[in-house]
Amino acid sequence: MKKEYVDVAIIGYGPIAKMLGSLLGNKGWKVGIYEKFVEPYCLPRAVAMDDEIARILQGAVPSDKLEKLFDAAGGEMYNWYNAERELLLSIPFEKEGVSGWPGELFFNQPSLEKEMDQTCSNLSSVMIHYGNEVIDLKEKQESVELTVKEHSGEERKVIAKYTVGCDGANSFVRENMEHTVTDLNFEYDFLVVDLIPKEKSELPVIMQICDPERPTTVVSGGPGRRRWEFMVLPHESKEEVSQEEYIWELLEPWNHTPENSILERSAVYTFKALWVNEWRKGRVMIAGDAAHLTPPFMGQGMCSGIRDAANLAWKLDLVLKGKLNEGILDTFTEERKPHNEKVVSAALYLGEMICVNDPKKAKERDTAFISGKVPPFPAFPILTDGILYQPGEEKKDNLAGQLSFQSKVKYHNKVGLFDDVVGTGWTIISPVQNPRELLNNSQLRFLKDLDATCIEISSVDEDGKGTVVDVTGKYSEYFEENDIEAVIVRPDYYIFGSTSDVSKVSSIVEDLASQLKKYMNTVTVQ
Ligand SMILES: Cc1cc2nc3c(=O)[nH]c(=O)nc-3n(C[C@H](O)[C@H](O)[C@H](O)COP(=O)(O)OP(=O)(O)OC[C@H]3O[C@@H](n4cnc5c(N)ncnc54)[C@H](O)[C@@H]3O)c2cc1C
């Protein structure tokens, strides 16, 4: 049997695999991607993402191309109405999120994946194998051995240092990994209909109609597209609602007909809320839908998977470089699982609100929402566990676990978003002075080992001096509003720690070093 050797084998080639493949391939790692379908799966599922995800995607799609994929909804409201079209809940989308993109963005998943695929395919160390189903997985002492069945029926072995199952809801990798599942027992069928209207739609970018006669989501499907998600009622069958005639009847009240719109596709999906409790066993990990499922009312299923990829990529990179040992990979579950659980719980809050067919219960819900007698919609979670600066007492100037700020800057005569012109990875930023001037030699060596960058950001255009220029003044506003003078940013854009006194930056670096020391092979601070 033929054998092939890779650093990381990624099973499946959905959006999460594409993200992880790009991040690891960009670092030069030999990545083998194995997808059982013979060609790309071109049906849209996800339509919404937030600014954090757009920032992570900058690592897979150039910003100018990314921008063209979006219908931006920054500054708009996500409104929830009852059957009488009274407002029950209103969730604002930030005009510009902290990550440098509008707070909510709508897109067509196949168009996004096509761009992501282009990046992956162009990376010389990434090999994408379509029509390759992984049918066996065995963890060995120093590797994972996979059996891959080609479309022709021929089988071959893949020997990988690490394997990541990005193989979706019915994950083969998960089933071959000892695991337990927490199921929140939310299960509803929705008919998902994607249209291409011939004229520009006048409908709001997104709204929810909590009508017990037909709970319905009305949403943009990205530029030039619209989506409806109709709840399948208890007396209806999946087959019945999938008939084209039935679909046009459902769309009629929305003034969409075969004359003014093209029915791109329709499918019935079962929305679920669950997560796997163990995302890593030895050299095998799972990410994306393989690890968690969420009802799409917050537009966060794929988003959570993209966060998984960003979290795992920097840790695998350090392990593969031999700088940290495998223990760091345990922080993947430790950090991502609680964050994801809070996202799923928030989606469930919305799911339980809309998935009501009983008119009496719907009336009670309406009264409760209109009179304000409901628990508030939860705030979006931050990172609370793992590699974070948490020195015991809570400090107002320590933004550990929050997302870091990104905006436009000028650097070496190039103007663009920070990550595009300065770069990514561990970054220490201060508007007061270059933080490296405050660090001792061993701390500088430690940061060099992490490929970290120290940046002074200034409102004054001193480009020749190597400072990063805050061309819009937004960085200055951010540091002032939060009353901080320095921030240490992780490669997945979460804040490790921050301080209102730049001279304290060395103690935060020291804390990072001591946390990583637990997992260290060669990264050292003496
Ligand atoms: C109706 C609907 C609306 C949604 N809306 C949103 C939204 O607005 N925003 C959002 O963030 N998310 C949304 N989601 C969720 C989002 O679509 C998914 O979370 C995301 O697509 C999952 O990506 P993935 O890469 O984990 O898995 P998938 O895209 O499912 O990819 C898994 C791949 O693995 C392959 N595979 C499986 N087994 C094997 C094997 N043994 N060998 C080789 N290959 C294998 C499969 O063929 C598949 O291509 C929505 C989902 C639905 C259904």
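Residues numbered from 1 in each chain as written. Predicted model: local features only at pLDDT ≥ 70, side-chain atom pairs only at ≥ 80, totals over all residues. Heavy atoms only, no water.

*Asks:* Would you mind going over the site of the ligand with me for this structure?
*Replies:* Close to the ligand lie 35 residues; Glu 35, Arg 45, Ala 48, Asp 289 and Met 302 are nearest. The separation between an oxygen atom of the ligand and a polar side-chain atom of Asp 289 is 2.6 Å. In the environment of the ligand, a nitrogen atom lies 3.2 Å from a nitrogen or oxygen atom belonging to the backbone of Gly 299. Protein contact buries 92% of the 1,000 Å² of open area that the ligand shows by itself. If you list the elements that add at least two residues to the shell around the ligand, you get α1 (15-26), β9 (132-139), β15 (226-231), β16 (261-276) and α8 (301-320). Partitioning the shell around the ligand into residue classes produces 18 nonpolar, nine polar and eight charged. (Near = heavy atom within 4 Å. Polar contact = N/O pair within 3.5 Å; in protein donor to acceptor, adjacent residues only side chain to side chain. Areas by Shrake-Rupley, 256 points an atom, 1.4 Å probe, with all protein chains shown as cover. Helix = DSSP H or I, 4+ residues; strand = E, 2+ residues; numbered from the N terminus. Nonpolar A, V, L, I, M, F, W, Y, C, P; charged D, E, K, R; others polar.)

*Asks:* How do you make sense of unusual backbone geometry when you look at a structure like this?
*Replies:* Positive phi, normally seen in glycine, also occurs at Arg 85, with a value near 65 degrees. Assessed through its relative accessible area of 43%, Arg 85 is described here as partly exposed. With a phi angle near 55 degrees, Asp 483 is a residue other than glycine that sits in the positive phi range. When you line up the elements, Asp 483 lands in the loop between α13 (474-481) and β25 (486-489). The exposed category is assigned to Asp 483, whose relative accessible area is 54%. (Buried < 20%, exposed > 50% of the residue type's maximum accessible area, 1.4 Å probe, protein only.)

*Asks:* Quick question: what am I supposed to make of the pattern of salt bridges here?
*Replies:* Two side chains with opposite charge may pair up if their charged atoms get near one another. A full pass over the atoms with the stated rule returns 35 salt bridges. If you follow the salt bridges from partner to partner, you end up with Asp 194, Arg 227, Glu 229 and Arg 265 in one network. (Salt bridge = Lys/Arg side-chain N within 4 Å of Asp/Glu carboxyl O.)

*Asks:* Where do I start with the side chain of Lys 337 in this structure?
*Replies:* Locating Lys 337 in the fold gives a position in helix α9 (residues 330-354). Taking the relative accessible area as the measure of exposure, Lys 337 reaches 16% and is therefore buried. Leave out the neighbours within four places in its chain, and Lys 337 touches Trp 275, Val 276, Asn 277, Trp 279 and Phe 332. (Contact = heavy atoms within 4.5 Å.)

*Asks:* What's the story with the environment of Ala 313 in this structure? I'm lost.
*Replies:* Relative to the helices and strands, Ala 313 resides in helix α8. With 90 residues separating them along the chain, Ala 313 and Leu 403 place their C-alpha atoms 17 Å apart. Residue contacts for Ala 313: discarding those within four places in its chain leaves Leu 20, Leu 23 and Leu 24.

*Asks:* Sorry, what's going on with the pairing of strand β22 (residues 427-430) here?
*Replies:* Look at any regular strand and the pattern is simple: side chains alternate between the two faces of the sheet. Burial along β22 is two-sided: Thr 427 and Ile 429 and Ile 428 and Ser 430, pointing in opposite directions, are all buried. Examined bridge by bridge, β22 and strand β23 (residues 453-458) share four bridges and lie parallel to one another. Counted as the bridge partner of Ile 429 is Ile 455 from β23. In this view, the connection linking β22 to its parallel neighbour β23 by way of helix α12 (residues 441-449) has right-handed handedness. (Pairing = 2+ DSSP bridges. Right-handed = clockwise from strand over helix to strand, strands pointing away.)

*Asks:* I'm lost on the sheet that holds strand β12 (residues 181-197) in this one. Help?
*Replies:* Within a beta sheet, neighbouring strands are joined by backbone hydrogen bonds and run either parallel or antiparallel to one another. Here we have eight strands laid out as an open sheet, ordered β6-β5-β13-β14-β15-β12-β16-β19, and mixed in their pairing. Unpaired on one side and paired on the other, β6 (87-92) and β19 (292-293) mark the two borders of the sheet. Two elements, strand β5 (residues 77-82) and β6, share five bridges in a ladder whose sense is antiparallel. Paired with Tyr 81 across the strands is Leu 87, a residue of β6. Along the sheet, α9 contacts β5, β6, β12, β13 (206-210), β14 (216-220), β16 and β19; its crossing angle with β16, the most-contacted strand, is approximately 120 degrees. Seen against the sheet, helix α10 (residues 359-370) touches β5, β6 and β13 and runs at an angle of roughly 55 degrees to β6. (Axes fitted to C-alpha atoms, helices over the stretch in contact; angles between N-to-C directions.)

*Asks:* Any chance you could explain the sheet that holds strand β4 (residues 71-72) here in plain terms?
*Replies:* On the basis of which strands lie adjacent, the open sheet formed by three strands has the order β3-β7-β4 and antiparallel pairing. The sheet is open, and its two borders are formed by β3 (48-50) and β4, each paired with just one other strand. One ladder, built from two bridges, connects β4 with strand β7 (residues 104-106); its direction is antiparallel. The partner of Asp 71 across the bridge, within β7, is Phe 106.

*Asks:* In this structure, what is going on with α9? I would like to understand it.
*Replies:* Side chains that are three or four residues apart share a direction in an α-helix, a result of its 3.6 residues per turn. Look at α9: 36 Å from first C-alpha to last across 25 residues, which is about the 36 Å you get at 1.5 Å a residue. The sharpest bend along α9 comes to roughly 25 degrees, located at Lys 337, with the proline Pro 338 sitting one to four residues further on. Here α9 lies mainly inside the structure; 19 of its 25 residues are buried. (Expected span 1.5 Å × (residues − 1). Bend = angle between axes of the 7 residues up to and from the residue.)

*Asks:* I'm lost on the pairing of β13 in this one. Help?
*Replies:* Taking burial as the measure, the five residues of β13 include five buried ones, the bulk of the element. Neither face of β13 is open: one carries Ile 206, Gln 208 and Cys 210, the other Met 207 and Ile 209, and all of them are buried. One ladder, built from four bridges, connects β5 with β13; its direction is parallel. In the sheet register, Asn 82 faces β13, and the bridge partner there is Cys 210. Between the end of β13 and the start of β14, which pair antiparallel, lie five residues.

*Asks:* Which parts of the structure should I look at to understand the state of the cysteines?
*Replies:* Note on terminology: a disulfide is the covalent bond linking the sulfur atoms of two cysteines. Applying the stated criterion across every chain yields a total of zero disulfides. No disulfide involves Cys 210; its sulfur sits 8.9 Å from that of Cys 355, the nearest cysteine. (Disulfide = S-S within 2.5 Å.)

*Asks:* Mind showing me how you'd approach the confidence of the model for the protein here?
*Replies:* A low pLDDT means the predicted coordinates there should not be read in detail. For the protein, per-residue confidence averages 95 on the pLDDT scale, and 98% of positions sit at 70 or higher. Two summary scores accompany this predicted model of the complex, namely pTM at 0.97 and ipTM at 0.99. (pLDDT = per-residue confidence, 0-100.)

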